[in-house]
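Take a look at the letters that make up each chain.
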Amino acid sequence: MPGSSGVNVGGSCGALCRTLVSQNGLQRDTADISQSVLYTSLMGLLLVADEKEPLTVGSGRVGLRNIGNTCFLNAVVQCLSHTCVLRNYCLLKSYKHEKFSKEEAKLMESFSQVLSGLWDVREGDTVVNPRQFYSVFKAAVPYFSGYSQQDAQEFLRFLLDKLHTEINRRPYVKRTGKEPQQQYVRFRISEEANAMWKKHLERDDSIIVDLFSGQLRSSLHCSVCSHYSNTFDVFCDLSLPIPKRSSVGEVTLQECLDLFSQEEKLDKENSPMCERCNRRTECTKRLSIQRFPQVIVIHLNRFTTSRWSISKSTVYVSFPLKNLDLGPYGPVDCGPVLYDLYAICNHAGTVNMGHYTACCLDQSGWCFYNDSSANSITENQLQTNQAYVLFYQRSSSTATVRK
């Protein structure tokens, strides 16, 4: 660097990688496997170098202006803003080096601009206006047009999906109808799961996948031939049912997880074809987590829809702030898989008259975000019956556990 007395190792490494990539005309997808591997290796070094570049941020305790029933957006953005790896990725604009598409990543750019305002080291503005970001998002997802109140978890799903699409490291491949199903073959569960995950990454690979994507295993047990079959699906959040109580009282997050993974009996009409019997039979179904994400988003399903109305559960669900162990809900041999809470999206009020807020953890402790305001909050104030979406980060103490 001109005028610098020292050597910026990260900067020089990054410059070297970019030069090698450009001079050799390397592309991510190429017929030459050696060039493909070289490209991946160089870009890996480039990202490491970028991550080591000095990144100075402010306190992050900045509110978001409500521009017309947008508390759902404000709460979700604050939670994502405190997902540190994603925040740094956006502030460093690392997606410009990664994304396959040459088209402008308009949504990611506007989202990153909001995060830049929230984490501005100068902290000149006490409130950031997300109008431009919301306009770009509504253009991408017309369902959110207008100014009616929206569901925060639904908004989160659409936002992560659209961000992923823009910055996908893989080229877009149009899916042509249903993919042919494989014939019944006996595989080890881990082998089958890994094959499905690899197939997923061939089409979908981004920082969103790196952080939020996990893999669910659905296991079916035929009551006639006792055959076990497995299907694997990618998830970006877990939507948990809340156990019903005959009287007002609290339930635990563990009870919600137990209910989610509880064995379910399926009759012939609702069961899929047995791979071995080749017909519909009575069976049991159980869900478990096959692959754990770095960030697990847990949605407490407080809203239920009947034929005529939507109702909200106000049951108090207690949840751990540290060491949430999801190991019991994963593969048999996975051991403890621990997570720490870092953000909460709350919903207060009723179905028709509700309001979203957020509680997020930073270096100074917990902060309560209510649109434009940001105020300190104690751990004792986090547990309420308004908790709606919980954000947990994989604990470093379980980094060596199989993902």
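Residues numbered from 1 in each chain as written. Predicted model: local features only at pLDDT ≥ 70, side-chain atom pairs only at ≥ 80, totals over all residues. Heavy atoms only, no water.

*Asks:* Lay out the packing of aromatic side chains in plain terms, naming residues and giving numbers.
*Replies:* Applying the stated rule across the entire model yields 14 aromatic pairs. Between F137 and F144, the ring centres sit 5.2 Å apart and the planes meet at 65 degrees, which makes this aromatic pair edge-to-face. No difference in accessibility class separates F137 from F144, as the two residues are buried. Centre to centre, the rings of Y356 and Y388 are 6.2 Å apart; their planes meet at 40 degrees, and the pair counts as tilted. Of the two residues, Y356 is situated in strand β15 (residues 354-362) and Y388 in strand β18 (residues 387-394); the sequence distance between them amounts to 32 residues. Residue classification places Y356 among the buried positions, given a relative accessible area of 3%. The rings of F72, Y134, F137, Y143, F144, F155 and F158 are connected pair by pair, giving a single aromatic cluster. The aromatic ring of W119 is capped on one face by R87, whose charged end is 4.4 Å from the ring centroid. (Phe/Tyr/Trp six-rings, centres within 6.5 Å; stacked < 30°, edge-to-face > 60°. Buried < 20%, exposed > 50% of the residue type's maximum accessible area, 1.4 Å probe, protein only. Helix = DSSP H or I, 4+ residues; strand = E, 2+ residues; numbered from the N terminus. Lys NZ or Arg CZ within 6 Å of the ring centre and 35° of its normal.)

*Asks:* Report on the pattern of salt bridges, specifying residues and quantitative values.
*Replies:* By the definition in use, this model includes ten salt bridges. A salt bridge links D120 to R122; the shortest N-O distance between them is 3.1 Å. Across the pair D205 and R170 runs a salt bridge whose closest N-O atoms are separated by 3.9 Å. Note that D205 is positioned in the loop between α9 (189-201) and α10 (207-212) and R170 in the loop between α8 (152-167) and α9, a separation of 35 residues in sequence. Judged by relative accessible area, which is 12%, D205 ranks as buried. The network of salt bridges with shared partners includes E98, R169, R170, D205 and D210. (Salt bridge = Lys/Arg side-chain N within 4 Å of Asp/Glu carboxyl O.)

Coordinates in, geometry out; function isn't part of it.
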